[in-house]
Amino acid sequence: FIHIYHSFKGKDTAEKSITKEFGIENSLIIKPSIVAGGTPGEIRPPGPPGVKAVDVDALAKVVVAGALSQGPGGLNGSIDGNDAIAAASL
């Protein structure tokens, strides 16, 4: 429990620092649950039960779109969860 608490606390601190430094209109925080498509042969811990993994290509599209569309009207804020990431990648 302590490890999970510190992990979430660290993520929360990082998110707040990013938006404070760059502003909500100039930052994009992407929060996948688990990512599919790792290196062949790579061993990863299992994801949460019943949670579908987001495709690595969809995640990459969102990251690139966020980097290329900075500022008002661009892709910014927070994209939370695999379904939201998949939708934003279209």
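Each value, and the rule that gives it
Residues numbered from 1 in each chain as written. Predicted model: local features only at pLDDT ≥ 70, side-chain atom pairs only at ≥ 80, totals over all residues. Heavy atoms only, no water. Helix = DSSP H or I, 4+ residues; strand = E, 2+ residues; numbered from the N terminus. Contact = heavy atoms within 4.5 Å. Areas by Shrake-Rupley, 256 points an atom, 1.4 Å probe, with all protein chains shown as cover. 1 Å grid on protein atoms, 1.4 Å probe; cavity = no way out; pocket = protein on both sides within 12 Å on 5 of 7 lines; lining within 4 Å. Points joined across faces, edges and corners; volume = space filled by probe spheres on them. Polar contact = N/O pair within 3.5 Å; in protein donor to acceptor, adjacent residues only side chain to side chain.

Caption draft 1: Geometry of the overall build of the protein. Scanning the protein from terminus to terminus reveals 3 helices and 4 strands. Mapped in sequence order, the helices and strands of the protein form the string α-β-β-β-α-β-α. Restricting the contact set of the protein to residue pairs at least 6 apart, pairs at least 24 apart contribute 60%. Surface summary for the protein: the accessible area is close to 6600 Å², and the carbon and sulfur share equals 62%.

Caption draft 2: Local environment of the layout of surface pockets. Empty space within the largest pocket amounts to approximately 180 Å³. Every residue lining the largest pocket is listed: F8, K11, D12, A14, E15, I29, K31, P32, S33, D80 and G81. The set of elements that each furnish at least two residues to the lining of the largest pocket consists of α1 (2–22) and β1 (28–31). Broken down by element, the lining of the largest pocket gets its largest block of residues, 5 residues, from α1.

Caption draft 3: Quick look at the environment of S89. Note that S89 resides in the segment after α3 (82–88). Measuring from C-alpha to C-alpha, the distance between S89 and A65 comes to 8.2 Å, with 24 residues separating the pair along the chain. Apart from the residues within four sequence positions on either side, S89 is in contact with A58, K61 and V62. At 2.7 Å, the side chain of S89 forms a polar contact with the backbone oxygen of A86.

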